[in-house]
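# What the coordinates show
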Amino acid sequence: MTTQVNMNRINQKLKEDKKLLSIYFSAGYPNLNDTVSIIENLEKSDIDMIEIGLPFSDPLADGPTIQASSTQALKNGMTTDILFSQLKDIRKTVSIPLIIMGYFNPILQYGVEAFCKKCQEIGIDGLIIPDLPVDVYNEQYKSIFQKYGLINVFLITPQTSMERIRFIDSISEGFIYMVSSASVTGGRSGFGDEQTSYFKRIADMNLKNPQIVGFGISTNETFKQATQYAKGAIIGSAFIKHLDKNRLSKISEFTTSILN
Amino acid sequence: MTYNINDEGYYGEFGGAYIPEMLYPNVEELRQNYLKIMAEPSFKEEFDQLLKDYVGRPSPLYFAKRLSEKYTTKIYLKREDLNHTGAHKVNNTIGQILMAKRLGKTRIIAETGAGQHGVATATVCALMGIKCIVYMGEIDITRQAPNVARMKMLGAEVRPALSGSRTLKDATNEAIRDWINNPVDTHYIIGSVVGPHPYPDMVARFQAIVSKEIQWQLKDKEGTTKPNYVIACVGGGSNAAGAYYHYLDDTDVKLIAVEAAGKGIHSGESAATSVLGREGIIHGSKTLLMQTNDGQITEPYSISAGLDYPGVGPMHAHLYKSGRAEFISITDDQAMTAGLELSQLEGIIPAIESSHAFAVFEQKTFKPDDIVVINLSGRGDKDLQNYIEHFKL
Ligand SMILES: Cc1ncc(COP(=O)(O)O)c(C=O)c1O
């Protein structure tokens, strides 16, 4: 039963006839216990999905902003156990899809099955683990993720071959995370022709899974460019910079500026 | 039983390529091509020629008479310190720059700890006229200043890594991020047997020249290709991998790996990965690494910048776990003392990394007729300031 409900939050959301905005933040930042409050504020601000970043000491795919927020979150004392305990009642107040995004080592140390089980108990809908390779997932972990009703989201980039995109599409069950350009997070300001033609090229592939664009989206303009062809967009670094400045007080101002 | 890599890129349970999708095309391109390219006659010819005429190989296998007398056993030193640029690192950078050229890459990035790998990379880039950027932890830039100057002299750009412990681990993170940002024109020359498959295997193969030479050199001197022991220090493990390579599956030859215990294994300031590490993922490889219960990578410490790394290559994780190699750990003080001893008994000032291997005699005794080969991975010029401060010379 739970499996059905979990599957549905992401898939249900993807069926809505609108462009989706998903927001990423590093759990434990700015303060250790801001997690629930940020999530509740984001839901009230009319966004569609939330990626809760499980901080890691060595975030290879992240630029300076998310590196700094992860480092600070760890300094604040964030751990996997603490995150789970903060989230334990989150489904009493929040109903939009929640995804945990984290690097593989902390999940491996927690125990992949124990981690997935905990996610299901809490009501997490999916995971994004950038350094868990597609083939390893397929051979070793897929059945565990499925057992606990978790959607694993895979990334593609402008360098990913058509053949590999088709393969990733075939094993994806929610959406495909489309990395906007060859870059770590927070890398770019504004998209050029190169990105637009990449977005279009992917749209023209008519994949079975919708695509959500991430990396380098920071404004209303980049959100529009990203979602011209794709189903939605994910904002991370720009939101964290907003938190740097405004703490938790003006979250809806930020989301309004993106969606207006 | 083989202790070498299998077709899937694992040594036993260790290895693999745990990389974000952004790196997949680069790493996959390398994986599909490295063995093919290394097998091309023109590659072999160019590699061998450069090792001979440019690096100065073969490096001597030197019988250390006074050291042998002191410890009543037969000690041979593999003189990687006499290579051009002063360490074993150049064997790998020569191989990888030729690989990069054949893959059509026009920009090289590297990470460095002690600066030896950075210098060796800057050197081959100068040799080939290819742009070179070296990431180096801010702390290491200070403690290995002579090598920073060398890299600049050679035309490389040295970029400080400012995150984390600002040492080798963080320089590696920055190099990986650079590669994500520059996926098409850039080749990443990793400096040790670490990183995602195929790097550990490729680097081990380029360093394998060390044990290949030991085999025939020992045959000349002792009438056997097999020493009783091969001993090397392990940071990431490339000089050890090279010294072990042709003996991996010959269990008559005992392997000893020497790690840096820093201020003491349990002092909280150590880099003794085999003792303090657990299985996990670092820099794209499943291996042993120092980490918290929560899977955060721990900041290591050693006086030696080249050993100041919280992991070991997957080959070494497997050699440790299977018991094929014996791992010992040596403190800063023990290493420094062994470095001074080698200087004064043999007239050879070793790199502090290599000094760790010479401190083996603190912990182990050998039989008078044992043949003990120690890989003298590098020379101590870069470390003079540290030695001077340590011994108040
Ligand atoms: C002289 C020397 N020996 C050893 C090392 C450690 O590296 P590895 O364990 O890869 O041989 C270094 C690294 O910088 C070095 O410069």
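Everything that follows concerns the structure shown earlier in this document.
Here the structure is a predicted model, which is why all the values come from computation and not from measurement.

On to the site of the ligand, then. Residues and elements named next belong to chain B. Around the ligand, 18 residues are found, and the nearest of them are Ser192, Gly235, Gly237, Ser238 and Ser377. His88 places a polar side-chain atom, nitrogen or oxygen, 3.0 Å from an oxygen atom of the ligand. Within the side chain of Ser192, one N or O atom sits 2.5 Å away from an oxygen atom of the ligand. The residue makeup of the shell around the ligand, split by class, is 5 nonpolar, 11 polar and 2 charged. Counting only domains with at least three residues in the shell around the ligand, you end up with domain 1 (16–50 + 89–203) and domain 2 (56–87 + 208–391).

The next thing to look at is the sheet that holds strand E3 (residues 98–102) of chain A. Residues and elements named next belong to chain A. Reading across the sheet, the 9 strands line up as E5-E4-E3-E2-E1-E9-E8-E7-E6 and stay open at both edges, with parallel pairing between neighbours. The strands lining the two open edges of the sheet, one partner per strand, are strand E5 (151–152) and strand E6 (155–156). Pairing of E3 with strand E4 (residues 126–128) involves 3 bridges; the strand directions are parallel. Bridging from a neighbouring strand, Ile100 pairs with Leu127 of E4. Strands in contact with helix H11 (residues 237–246) are strand E1 (20–26) and strand E9 (232–235); relative to E1, the strand with the most contacts, it is inclined by about 55°.

Right, let's get into the packing of helix H14 (residues 332–346) of chain B against helix H17 (residues 384–391) of chain B. Residue and element names in this part refer to chain B. With their axes 11 Å apart at the nearest point, H14 and H17 run at an angle of 105° to one another. In this view, H14 runs roughly perpendicular relative to H17, as classed from their interaxial angle. Of H17, the residues touching H14 (which contributes Asp333, Met336, Thr337, Gly339 and Leu340) are Asn386, Tyr387, His390 and Phe391. In the contact of H14 with H17, the residues fall into 4 nonpolar, 4 polar and 1 charged.

This paragraph deals with the pattern of salt bridges. If you walk through the whole model with that rule in mind, you get 41 salt bridges over all chains. Residue A:Glu121 pairs with A:Lys117 through a salt bridge whose shortest N-O separation is 3.5 Å. Linking A:Glu121 with A:Lys117, this pair stays in helix H6 (residues 112–122), spanning 4 residues, or about one helical turn. Using a relative accessible area of 40% as the deciding quantity, one classes A:Lys117 as partly exposed. The shortest N-O distance in the salt bridge between B:Glu222 and B:Lys74 comes to 3.1 Å. In this pair, B:Glu222 is assigned in helix H10 (residues 209–222) and B:Lys74 in strand E4 (residues 74–79), connecting sequence segments 148 residues apart. What emerges from the salt-bridge pattern is a single network uniting A:Lys13, A:Glu16, A:Lys18 and A:Asp48.

Residues and elements named next belong to chain B. Looking at where Pro227 falls in the secondary structure, it is placed in the loop between H10 and strand E9 (229–233). Considering only alpha carbons, one finds Pro227 and Val373, 146 residues apart in sequence, at a separation of 6.7 Å. Excluding anything up to four places from it in sequence, Pro227 contacts Leu218, Tyr247, Asp252, Val253, Ile371 and Val373.

Moving on, we come to helix H8 (residues 168–181) of chain B. Given a rise of 1.5 Å per residue, 14 residues ought to cover 20 Å, and the 20 Å separating the end C-alpha atoms of H8(B) matches this to within 8%. Burial within H8(B) is extensive, with 13 of its 14 residues counted as buried.

Here the structure, examined in full by the defined rule, presents 23 aromatic pairs over all chains. When the ring of A:Tyr177 is compared with that of A:Phe215, the centres are 6.0 Å apart and the planes differ by 90°; the resulting orientation is edge-to-face. In this pair, A:Tyr177 is assigned in strand E7 (residues 176–179) and A:Phe215 in the loop between strand E8 (211–214) and helix H10 (220–227), connecting sequence segments 38 residues apart. Both residues of the pair, A:Tyr177 and A:Phe215, count as buried. Ring centres of B:Phe361 and B:Phe366 lie 5.8 Å apart, and the angle between their planes is 75°; this geometry places the pair in the edge-to-face category. Classification of B:Phe361 as buried rests on a relative accessible area of 9%. Within the aromatic cluster, the residues linked to one another by ring pairs are B:Tyr71, B:Tyr229, B:Phe361 and B:Phe366. In this structure, A:Arg164 packs its charged tip against the face of B:Tyr24, placed 3.3 Å from the ring centre. When the ring centre of B:Tyr3 is taken as origin, the NZ or CZ atom of B:Arg324, which lies over that ring, is 5.8 Å away.

Parameters and conventions
- Residues numbered from 1 in each chain as written.
- Chains lettered and ligands numbered in written order.
- Predicted model: local features only at pLDDT ≥ 70, side-chain atom pairs only at ≥ 80, totals over all residues.
- Heavy atoms only, no water.
- Near = heavy atom within 4 Å.
- Polar contact = N/O pair within 3.5 Å; in protein donor to acceptor, adjacent residues only side chain to side chain.
- Nonpolar A, V, L, I, M, F, W, Y, C, P; charged D, E, K, R; others polar.
- Domains from an automatic or database assignment.
- Pairing = 2+ DSSP bridges.
- Helix = DSSP H or I, 4+ residues; strand = E, 2+ residues; numbered from the N terminus.
- Contact = heavy atoms within 4.5 Å.
- Axes fitted to C-alpha atoms, helices over the stretch in contact; angles between N-to-C directions.
- Parallel < 35°, antiparallel > 145°, perpendicular 65-115°, else oblique.
- Salt bridge = Lys/Arg side-chain N within 4 Å of Asp/Glu carboxyl O.
- Buried < 20%, exposed > 50% of the residue type's maximum accessible area, 1.4 Å probe, protein only.
- Expected span 1.5 Å × (residues − 1).
- Phe/Tyr/Trp six-rings, centres within 6.5 Å; stacked < 30°, edge-to-face > 60°.
- Lys NZ or Arg CZ within 6 Å of the ring centre and 35° of its normal.

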